[in-house]
Structure formats: C-alpha cells, structure tokens
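Overview (structure and organization)
So you can see what is in the structure, the chains are spelled out below.
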Amino acid sequence: MKNEDVAKSLDKTADLLEIDGADSFRVNSYRRAARSVKDATEDVFQLAAENRLTDLPGIGKGMSKHIQDFLTTGHIEILDELEAKLPHGLPALLEIPGMGPKKVALVFKQLGVGNLDDLKRIIESSEMAQLPGLGEASVRKIAEGVAFLESSHGRTPLGVALPIAEEFAEAVRSLKGVKRVEIAGSLRRGCETIGDIDLLCEAANGETVVDGFTKLSAARRVLAAGATKGSITVQVEGDRELQIDLRVVEADAFGAALQYFTGSKEHNVRLREKAIARKWRLNEYGLYDGEKRVAGKKEDEIYKKLGLAWVPPELREDRGEFEAEGSFDSLISLDDIRGDLHMHTVASDGRNSIEEMAVAAKARGYEYIAICDHSKSSVIANGLSIERMKKHIEDIRTADRNVKGITILAGCECDILPDGSMDFPDDILAECDWVVASIHSAMTAGPTGKHGATQRTLAAMNNPYVCAIGHPTGRLINRRAAMELDMSAVVEAAVETKTMLEINASWQRLDLKDNHVRQAIEAGVTLVIDTDAHHVDQLGQMPLGVTTARRGGARKDQVVNTGTLAALRRWIAAKRKRA
C-alpha cells in the first residue's frame with residue numbers, strides 16, 4: 001500500500017465530512033493529515049510498523065489510529081460510515097468550478113442530487129436556480145463548469161502546459177498597452193501537473209487587454225471577460241480543454257499579485273500568519289500596515305518586509321521553506337548544468353546520429369555528454385546486441401575525436417533484468433565510460449522478494465560499473481503508475497554503493513519526483529539530471545529536470561553534472577574500485 005493510497009482516503013474523508021456538515025476543525029485535521037502522508041519521504045507502512053506515525057506533522061494519536069486501521073484492514077471506520085450515508089457520486093461534484101462543499105451539500109439535501117447526472121438534470125429543469133443563495137447567474141456558471149469538467153478531466157503535465165503558457169504570455173505581451181506579463185500559479189512553481197494556467201499582466205486599461213486576450217485565435221471558448229480578468233480555454237491532448245486565466249494588475253500591486261497567485265494555499269496561509277503577527281495584513285494587492293501599503297510593487301519586498309529571505313517559486317509549498325536558514329542562492333539553476341549524461345541515437349531508438357546529438361549539445365554550452373543507447377533486451381527499442389554494442393563504442397570514440405569542443409562519453413542504458421542481473425556482461429560495461437541501469441520490463445512484480453523492483457534495483461547498484469539508476473520508479477505521468485519501490489532502501493543503498501539516482505527530465509517522467517529528490521539529498525545521495533533525449537529537440541527538456549530538482553531543494557553541489565568532467569571521472573573511478 002502506497003502513501004498516495006492513504007492520503008487519498010484521508011482526503012476523501014475530509015470531503016465527505018465537509019459535505020455532511022462537520023465543523024471546519026475536524027475537516028481540516030483530515031486534510032492536514034492527508035497532505036502530511038503524501039509529502040512524507042518515508043513509507044507510511046514502515047512508519048506505522050515502527051510506531052512513528054505521530055512524527056509526521058499534523059498527525060496525533062487519533063489520526064494515527066485511523067491510518068493504522070487503514071493499513072491493516074484497508075478501511076477507515078468514519079469513511080465507511082460516510083460512504084454508507086452519502087451518495088458515492090458527491091465528491092466528484094467538488095471538481096466542478098463554482099461547486100464548493102456548501103453548494104454540493106445544498107443540492108444534495110434539498111434536491112437529492114447524488115452524482116453528476118443528477119446535477120445536469122436539475123440544471124436543465126431550472127430547479128437549482130430556485131435554491132437559496134443561488135439564482136440563474138450562478139447556475140449558468142455551474143453549467144459552464146460542468147461542460148468544462150467533462151471536456152478537461154484530468155490534469156495537464158508540466159511539459160505540455162508550459163509551452164502553451166509561454167505562447168500565450170508572448171501573445172499577451174504583444175497587445176497594446178501591456179507592460180509586463182508573468183506566468184503564475186502551480187505552473188510557475190513547477191508542479192508536475194497543473195489544473196489551469198495563470199497569467200498576470202501589468203497594463204493601464206484592463207478591459208482593452210482582456211478583450212484582446214479573449215479574441216486570440218487559439219482560444220476555443222471564452223469563459224469570462226471583465227475589466228481585470230479574462231478566462232479562455234484551449235484545446236490540448238485530443239478534445240480536452242485547458243483553461244487559461246489572465247488577470248490585469250496595476251504596477252504598485254504587481255509584486256503582491258505575483259506572490260499571491262504563485263504560492264500554494266499552504267504557503268500563502270503561513271505568509272499571511274507572519275503578517276498578522278506584525279499586526280499587518282497581506283493580500284493580492286499588497287502588504288498593509290493599517291491603510292498604508294508598505295510593499296507590493298516587487299515580489300521580493302513582501303518577503304523582505306516580513307523578515308524572510310525571498311523564496312524561489314518552486315519551494316512555495318510550505319515544506320520547510322520558512323524554517324530554512326539563510327538564502328536559497330545555492331539552489332541549482334539551469335546555468336549550472338555542464339553536461340547531459342543520458343541520450344539515445346539511431347543506434348537504438350533515437351532519431352539522430354552521435355555527431356548530431358553532440359553538436360546540438362555543444363550548441364547548448366555543454367562540456368560533455370554520454371551516449372546511452374539501449375541494451376539487447378529492449379527489443380522494442382532496437383536494443384544493441386553485444387557485437388553491435390562493441391561496434392557502437394568504437395563509433396562513439398571516433399565521434400569524440402571528430403567533434404571538437406565537447407567530450408563524448410561512451411555509455412549505455414543497460415536493462416536490469418527480471419532476476420536482478422544486468423543485460424550486458426561486466427566486460428562490456430567495463431568498456432563504457434558511463435552506465436545507466438534501468439528497469440523496462442516486469443514492472444508490475446511485487447515490491448518484495450528476490451525479483452521485486454526494489455531488489456532488482458539494489459542488485460544493479462551493487463554492480464561496480466553501474467553509475468546511475470535511470471528513471472528509478474518507472475512512472476509515466478498520467479499514463480503509468482510508479483513501480484512499488486522501497487525508496488528508503490534504494491536511497492540508503494545509493495549512498496552505500498556510491499550510485500547516483502537520476503532525475504529524468506523527460507516531461508512524461510520527471511522521475512525522481514520532487515519528494516524523492518528531497519529524500520535522496522537529505523540522505524546524501526548524489527543526483528544526475530538527464531534528458532533521456534531521443535532526438536536533438538528533446539535536449540531542451542533539461543529545464544524541467546532542473547525545476548524538479550529545485551522543488552526537492554537540490555543544491556548545485558548535489559548534482560554531478562554541474563561539475564567538471566574531471567570530477568565526474570573521479571566519481572566513476574571511486575565506484576569502480578569496488579570491482
């Protein structure tokens with residue numbers, strides 16, 4: 001059972017309690033517990049076995065008992081009672097824009113709405129508009145929300161949403177009267193998936209800018225158009241829609257708005273608490289001492305006035321950023337990356353030659369790269385036989401001599417086989433400069449036992465020629481769940497064996513994810529950020545990996561490919577001494 005399973009059950013309990021009319025303190029206790037379990041870097045099952053659940057923030061003895069019951073029986077008593085009492089379709093209604101718990105409770109108790117189909121029926125019959133506190137305008141917005149939900153179910157991966165956001169930000173910049181545009185929201189924080197896109201704009205005439213925004217040719221539907229805010233949808237991934245919100249803000253409040261619409265709810269609550277402690281108030285318009293605005297024009301002023309270091313957007317999740325000492329200047333940045341150590345060529349399933357990948361990497365300012373084509377068992381990826389691999393190593397050496405200004409390392413992405421052995425023998429691995437070991441098959445095997453994902457990974461790390469574990473959990477965002485991997489055991493073994501863990505920057509992977517990055521660096525693991533590029537354009541995915549590393553709090557000195565080639569070779573040599 002995974003931490004995510006426990007967190008989902010606790011969140012569902014909170015949702016049903018809120019719909020049932022429970023007091024806010026009780027509801028929020030379950031929400032805090034859910035978030036604490038989800039953010040935990042250790043396996044909750046292990047924590048429970050060691051009676052350490054109460055070590056997690058927001059989890060007392062009572063909540064610990066609920067979690068213990070769930071881990072033992074798969075049930076939480078209060079959740080079972082609520083599910084028996086309330087219709088199963090009610091929590092889904094909370095996903096509809098404009099439908100909070102109070103409105104869900106209202107339509108359920110007054111009109112017997114138990115699911116989305118019931119809601120659509122009462123909207124069409126006009127019964128909903130007769131309820132107290134609603135009306136035709138509110139119901140119309142909810143109806144639009146239903147239509148949007150049905151066409152945009154699911155969250156959008158960071159790598160899909162970011163280019164769209166950048167395209168629309170540039171389009172807004174070109175509108176008359178616009179002085180500044182910034183991407184905000186969860187996208188600016190670098191979350192792996194996002195619900196919608198938030199854009200902030202500085203301009204004197206908001207209505208004109210919003211009108212131009214809603215008339216952009218790529219807009220599929222206009223959801224709102226006012227004096228300071230506009231909302232549109234664009235088509236993504238088939239017929240699904242993604243919402244883009246534009247807010248027009250005056251110059252004196254731009255920094256406050258950027259902070260407000262970037263930080264997570266939890267981060268912003270903590271920041272407001274610090275303002276209240278000074279008898280000030282903080283909102284999207286500024287930081288106020290009485291009626292006097294003491295900060296707001298620049299984002300960093302907000303933090304400075306509250307006695308805090310400016311917090312990078314990626315860390316604004318209330319995961320320790322307020323307790324950190326000093327500044328965040330040592331956090332890794334894209335400019336720190338000096339090489340990319342995982343890419344493929346036409347030798348296996350890539351689209352470009354060794355030389356083409358090297359020239360493209362050199363153009364990005366890299367000092368070194370590693371060519372890591374697939375091993376023989378990856379048949380679907382045209383994996384190399386032993387003989388082909390020997391010839392490929394020779395080809396890489398030749399390319400290294402011919403392409404000046406960048407070092408090309410001979411590497412491979414070697415499959416970790418179902419029995420834990422490596423797909424290439426050690427004599428082939430020893431000829432390589434760099435070896436990435438990855439699991440590509442039998443990914444659904446159980447987490448324990450000789451052939452589980454954890455044991456296979458540990459076996460690979462014990463091989464002296466394995467430099468890094470590639471995309472360690474094997475997940476594909478929104479497509480394939482992570483393997484059942486004991487990350488604590490993997491992290492411990494990585495430190496012991498001097499094996500690096502990869503942050504795979506492919507937008508479909510981002511693996512390690514941010515929580516695992518934090519767990520790894522706290523234990524002393526050295527990371528490597530790679531693109532896993534299969535053609536030259538995919539080398540451009542490196543910023544996504546760096547963003548994920550930043551969300552995990554990784555510093556420059558904790559990522560091997562921010563260092564020199566000489567330092568990298570020393571690290572590899574130290575690992576190989578184990579042979």
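For the structure given in this document, a descriptive report is provided here.

Observations regarding the side chain of Thr 233
- Relative to the elements of secondary structure, Thr 233 occurs in strand E6 (residues 229-236).
- Among the polar contacts listed, one links the side chain of Thr 233 to the side chain of Glu 241, at a separation of 2.4 Å.
- Once residues lying within four places of it in the same chain are set aside, the contact partners of Thr 233 are Phe 148, Ala 218, Ala 219, Arg 220, Arg 221, Leu 223, Glu 241, Leu 242 and Gln 243.

Points about the pattern of salt bridges
- Tallied over the full model, the rule gives 35 salt bridges.
- Across the salt bridge formed by Lys 513 and Glu 4, the nearest N and O atoms sit 2.9 Å from each other. Highlighted residues: Lys 513 in the loop between strand E16 (500-504) and helix H21 (514-523) and Glu 4 in helix H1 (residues 3-20), separated in sequence by 509 residues.
- On the basis of relative accessible area, Glu 4 is assigned to the partly exposed category, the value being 29%.
- In this structure, Lys 85 engages Asp 20 in a salt bridge whose closest nitrogen and oxygen atoms are separated by 3.0 Å. In this pair, Lys 85 is assigned in helix H5 (residues 77-85) and Asp 20 in helix H1, connecting sequence segments 65 residues apart.
- Owing to a relative accessible area of 52%, Lys 85 belongs among the exposed residues under this scheme.

Thoughts on the sheet that holds strand E8 (residues 281-283)
- Here 3 strands make up an open sheet; going across it, the order is E8-E9-E10 and the pairing antiparallel. The sheet is open, and its two edges are formed by E8 and strand E10 (292-295), each paired on a single side. With direction set aside, neighbouring strand axes in the sheet form an average angle of 35 degrees.

Overview of unusual backbone geometry
- Residue Leu 512 follows Asp 511 across a cis peptide bond; omega there is 15 degrees.
- Assignment of secondary structure puts Leu 512 in the loop between E16 and H21.
- Here the phi dihedral of Asn 51 falls at roughly 55 degrees; this positive angle occurs in a residue that is not glycine.
- Among the secondary structure elements, Asn 51 is positioned in the loop between helix H3 (44-49) and helix H4 (61-73).
- For Asn 51, a relative accessible area of 63% translates into the label exposed.

Some thoughts on H5
- The complete set of buried residues in H5 reads Ile 78, Leu 79 and Leu 82. Projected down its long axis, H5 carries its buried residues within an arc of 100 degrees, all on one side. Across from the buried face of H5, at angles greater than 90 degrees, the exposed residues are Glu 77 and Ala 84.
- Looking at the buried side of H5, the elements it contacts are H1 and helix H2 (24-39).

Criteria and thresholds
- Along each chain, residues carry numbers from 1 onward, in the same order as the chain's sequence is written.
- The model is predicted, so local features are restricted to residues of pLDDT at least 70 and side-chain atom pairs to those at 80 or more, both for listing and for counting; the totals for chains, interfaces and linings are taken over all residues.
- Heavy atoms throughout the structure, all of them, feed into the side-chain values; hydrogens and water do not.
- Put simply, DSSP marks the helices as runs of H or I at least four residues long and the strands as runs of E at least two long, and each gets a number from the N terminus on.
- In protein, a polar contact means a hydrogen-donor-capable atom and an acceptor-capable atom, both N or O and within 3.5 Å, with residues adjacent in sequence counting only if both atoms are side-chain atoms; elsewhere, any N or O pair within 3.5 Å suffices.
- By the convention used here, residues are in contact when the closest approach between their heavy atoms is within 4.5 Å.
- What makes a salt bridge here is a side-chain nitrogen of Lys or Arg within 4 Å of a carboxyl oxygen of Asp or Glu, nothing more.
- A 1.4 Å probe rolled over the protein chains alone gives each residue an accessible area, and that area as a share of the maximum for its type sets the label: buried under 20%, exposed over 50%, partly exposed in between.
- Any two strands with at least two DSSP bridges between them are considered paired.
- Every axis in this analysis is a line fitted to C-alpha atoms, fitted for helices over the stretch in contact. Angles between the N-to-C directions lie between 0 and 180 degrees.
- Here the arc refers to the directions that run from the helix axis out to each C-beta atom.

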